[in-house]
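Spelled out, the chains give:
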Amino acid sequence: MVSIRLNRSTVLRGTITILLLPILGACATIADVAAPIAPMQSPNPTASAPGLAPPITPLPASMSQLKRFNEVVKEATVIPGFFTVYEKEDKFFLEIKPEQMDQPFFFASNLSHGIGEQFLYGGLMGSRGTLGGSFIAYFHRIGNTIQLIARNTDYTAKDGSPEARAVEDSFSDSLLSSAPLASQPHVDRKSLLIEVNMLLLADIPGATTALERAFRQPYGFDFRNSSISRARAESDQTTFQVSAHYGLSRPILSSGSGNAPSLPTTLQDVRSMFLGFHYNFAKLPEAPMQPRKADPRIGYFATTRWDFTADLNLSPRVHYVQRWRLEKKDPDAPLSEPKQPIVYWLDKNIPERYRPAITSGILEWNKAFERIGFKDAIQVKVQPDNATWDTGDSRHASVRWMTNAQSAFGAIGPSQVDPRTGEILDADIGIDSVRSRNARNRRVEQIAAPTNSWWLNNGNSYLCMAGDYAANEAGFAMELLEARGDVAPDSPESEAFVLEDLKDVTMHEVGHTLGLRHNFRASTIYTQAQLADPVFTKKNGISGSVMEYNAYNIAEPGERQGAFSMSTLGPYDYWAIEYAYKPIPAQQEADELKKIASRGVESQLAYSTDIDAAESIDPEVNTTDIGQDTLNFAEKRLRLAHELWDRWQARPLKSGESYAILRRNMSRGLQQISQASTIAAKYVGGVTVLRDYAGSPRAPLNPVSAEKQRAALQMVSRGLFSSDSFRFKPEFMRRLAVDEFDRADIAEVGLAYGSTDYSLSSQVLKMQTTVLDQLMSEKIANRILESDLKLDDPKKAFTLSELYGTLTQVIWSELKTGKEVSSLRRNLQREHLTRLAGALIKPISGMPADARALQRQTAKELLTKLKTAERKSRLSNETKAHFAECANTLEEAIKAPMYRTGV
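Since this is a predicted model, take the numbers as computed values, not measurements.

Undergrad: What's the story with the overall build of the protein in this structure? I'm lost.
TA: Within the protein, the regular secondary structure consists of 26 helices and 23 strands. Considering the protein as a whole, with its 903 residues, one finds that 57% of them fall into the buried category. Look at the contacts in the protein between residues 6 or more apart in sequence, and 75% of them connect residues 24 or more apart. Counting only carbon and sulfur atoms, one obtains 51% of the accessible surface of the protein, whose full area is about 38,300 Å².

Undergrad: Whenever I open this one, the side chain of Arg637 confuses me. Can you help?
TA: Structurally, Arg637 is set in helix α16 (residues 630-650). At 2.9 Å, the side chain of Arg637 and the side chain of Glu473 are in polar contact. Apart from residues no more than four positions distant in its own chain, Arg637 is found in contact with Glu473, Phe476, Ala551, Tyr552, Ile554, Gln672 and Ala676.

Undergrad: Explanation requested: the sheet that holds strand β2 (residues 77-79) in the structure shown.
TA: If you walk across this open sheet you meet the four strands as β2-β3-β4-β10, and the pairing is antiparallel. Unpaired on one side and paired on the other, β2 and β10 (192-195) mark the two borders of the sheet. Sheet twist, expressed as the average angle between the axes of neighbouring strands with direction ignored, equals 25°. In this sheet, strand β4 (residues 91-96) lies alongside strand β3 (residues 85-88) in antiparallel orientation, the contact comprising four bridges. Looking at the pairing, Tyr86 lines up with Phe93 of β4.

Undergrad: I would appreciate a short explanation of the pattern of salt bridges in the present structure.
TA: Opposite charge on two side chains lets them pair, provided their charged atoms get close. Counted by the stated rule, this structure contains 40 salt bridges. Residues Arg698 and Asp692 are paired through a salt bridge, measuring 2.8 Å at the closest nitrogen-oxygen approach. Judged by its relative accessible area of 32%, Arg698 falls in the partly exposed class. Residue class for Asp692 comes out buried when judged on its relative accessible area of 15%. Measuring nitrogen to oxygen at the nearest pair gives 2.5 Å for the salt bridge that ties Glu802 to Arg710. Taken together, the residues Glu802 in helix α22 (residues 800-811) and Arg710 in helix α18 (residues 706-721) connect sequence positions 92 residues apart. Members of the salt-bridge network, linked through shared partners, are Glu578, Lys582, Glu592, Arg599 and Glu602.

Undergrad: I would appreciate a short explanation of helix α17 (residues 660-681) in the present structure.
TA: In an α-helix, one turn spans 3.6 residues; hence positions three or four apart end up facing the same way. With 22 residues, α17 extends 31 Å from end C-alpha to end C-alpha; this agrees with the ideal 32 Å at 1.5 Å per step. With 19 of 22 residues buried, α17 is to be regarded as a mostly interior element.

Undergrad: Help me understand the environment of Pro619 in this model?
TA: Inspection of the secondary structure assignment puts Pro619 in the loop between α15 (610-615) and α16. Residue Pro619 is classed as buried on the basis of its relative accessible area of 1%. Along the sequence, Pro619 and Leu631 sit twelve residues apart, while their C-alpha atoms lie 8.3 Å from each other. Dropping the residues within four chain positions of it, Pro619 is found in contact with Thr630, Ile679, Lys682, Tyr683, Gly686, Val687 and Val704.

Undergrad: Mind showing me how you'd approach the packing of helix α24 (residues 823-841) against helix α26 (residues 877-895) here?
TA: Working note: a packed helix pair is described by the angle between its axes plus the distance between those axes. Between α24 and α26, the shortest axis-to-axis distance is 9 Å and the interhelical angle comes to 10°. Classified by the angle between their axes, α24 and α26 sit roughly parallel to one another. Counted together, Arg826, Gln829, Arg830, Leu833, Leu836, Ala837, Leu840 and Ile841 of α24 and Glu878, Thr879, His882, Phe883, Glu885, Cys886, Thr889, Leu890, Ala893 and Ile894 of α26 form the full contact between these two elements. Among the residues forming the contact of α24 with α26, the class breakdown is ten nonpolar, four polar and four charged.

What counts, and at which threshold
- Residues numbered from 1 in each chain as written.
- Predicted model: local features only at pLDDT ≥ 70, side-chain atom pairs only at ≥ 80, totals over all residues.
- Heavy atoms only, no water.
- Helix = DSSP H or I, 4+ residues; strand = E, 2+ residues; numbered from the N terminus.
- Buried < 20%, exposed > 50% of the residue type's maximum accessible area, 1.4 Å probe, protein only.
- Contact = heavy atoms within 4.5 Å.
- Areas by Shrake-Rupley, 256 points an atom, 1.4 Å probe, with all protein chains shown as cover.
- Polar contact = N/O pair within 3.5 Å; in protein donor to acceptor, adjacent residues only side chain to side chain.
- Pairing = 2+ DSSP bridges.
- Axes fitted to C-alpha atoms, helices over the stretch in contact; angles between N-to-C directions.
- Salt bridge = Lys/Arg side-chain N within 4 Å of Asp/Glu carboxyl O.
- Expected span 1.5 Å × (residues − 1).
- Parallel < 35°, antiparallel > 145°, perpendicular 65-115°, else oblique.
- Nonpolar A, V, L, I, M, F, W, Y, C, P; charged D, E, K, R; others polar.

Structure, rendered in structure tokens:
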């Protein structure tokens, strides 16, 4: 199949030209628009600011008015290559040969220099939908203008067919930038010449949109103060390094409301920043790689194309796994070196002491390739200190060290692919330097933590927070081990901990750059006895895959301690590599792939990915858990959190140590309580979801047993909703001081929380309301009510009345015991009451009628108990007032008419 090229004669006609004007206005020149459109000022909102408006460039001159080719490049430095470059003074020119016009090439833009915050980090690979990205592009001539166009390769049909003509009429290519001819064609070669400054000094990556998302400020691209700093050209690629200036004429001040404007914190002047972009023009493979169809039972990133050649299938979409082209030198040899290995270059900016651990993590994947007949499929090289080329080039898969003011991901492993086949052409792993700093000594001011950056919520399939989660897990483990006296922050054991952590994260990110997606069920394959065995875990790891966000394997006091983290590949990783990379003759491929994929029913090959975790329906699919019994893991984490608190409450600090240590450890424990409670809550109304096909002995949808649901609900009740869940020594609470040098809490782990005082109640309430919302949601109610339809014996089903009754009993336990109600408990009771009263007055859309009836019954019963309790004289005025107010709220809600919306 081939992608269809659209008819270029219609690109700039009539209304289409008008629609393109806003896009072209953001580029470097108004001359991008073909005649007879008159020049006009850029619609950029910052155009009135001095130096920010693009220049008004005259339309391309007639050919006779242009200078000769050799006259323009006279005395220029010639850089021969894929596209030959001429450098003259402060300008660069690009020569396009006749045979290169309208011919596809690989075009990519990556962020080479950033500002250290809000995911504008130098060294990040561009990805469509975020900042920059890669395309199959081509140069096209319209009059005396050369257009850089991204070809639409997503929609295809057999070349020459009627369907191909329909595709041509239906889908458009995209204009990335354009520039007028800089000279007459070369007299002999007939080559065309354009000024690269006019082509690339534009907001091609869409940074203005990224900046607006990040800060809600109208930053604009500034042509006059942007420049091309260097160019390189080789036989297979031509690259340019652009320093792009973005300016702000007048910052918008925050109103203090949600989603309000903010300003960068790392700039000397918030009105000005330079972003670096690395632009790659590279040859495509001589022949497209043979694509391999994806299978949903195995987790690979997929390149999706719409093939309209035939309409026999339910959907025209076809999905190809993203993978490197790997071919044996000797196809008949059981073990052969590849024709072209996958080479990862360690950027020269990586500290030397970390290079062995990173190298080890990369080369660990060779074990999986050896099983399918490849020797040394993956290699590691180090960029020389005197290298003049950039690892951001399209021909260098790389690992880079990133230094940021605030950690956002720990590590990341994106790649760029040939959209026709899914062939991976480039990959750049980024490792945040903050994570190694914190893994060694958790008592510093910066600790990696999950972020709410806009970039993380844009649907980008390459998003990976493994380093972030691993940093939090390592932090909790190190704090607990230090409290036990097992590891000191400055000890050799701590250094080994850092290197093990770095290797683990490297394996995970390399897996992404090999095409693999996350596997959030892999952590469930080993028993607790296996995890406690140091010999077993050293050989097999602690999970089924390095593509999982594996929790640290922390033993309780008195237990044997297995390996803390993954040090080798898991069984799923070998299986996944086999599916995508095993050499298979074309005529046998379909049958062999089905055979490989059918092994997914094996327990050690368990697989679920991001979308499964996001749906929160399956309690076995989580980030940062470990072991076959996930509920047991959650209970264990509750105990470990309390152990951490107990040890630090009893441990005197050394003279001169900061009390912020205690504040951070309080937050670490709360984080574990929140994680464990969320996992347990997923059991209530939970359904185990498997990706099996017909012929498997397992059903794909299996409600969690009533016994497990009850056990999970009791665990949440004890650990999160009980009156005894959060009790601390008063002297400990008085020592939870803020870090005076980090009041902004740049790592978001609870060092400041925006105030000097420490509010335990606000943090506890946030956790409680999250779980309460989950348990009282319409989705849970519907799944519980319908679960009996999936059970052979409906009488054994867990019931909704049992859920609501248990919640009411534990949250309002003081109504039975007659005890005083603390402020933490009053907060929780009000939240429960708010949801109960709201269900009577304005029920949630989609809430089943049975749930509403049960909630009304619960409200009436609770009202009776409240009226009795408020008359007890031994209670404090605060508690009696609380009961009276709650009773009044329920009474009014029961009497009020129901406001039905969407019911």
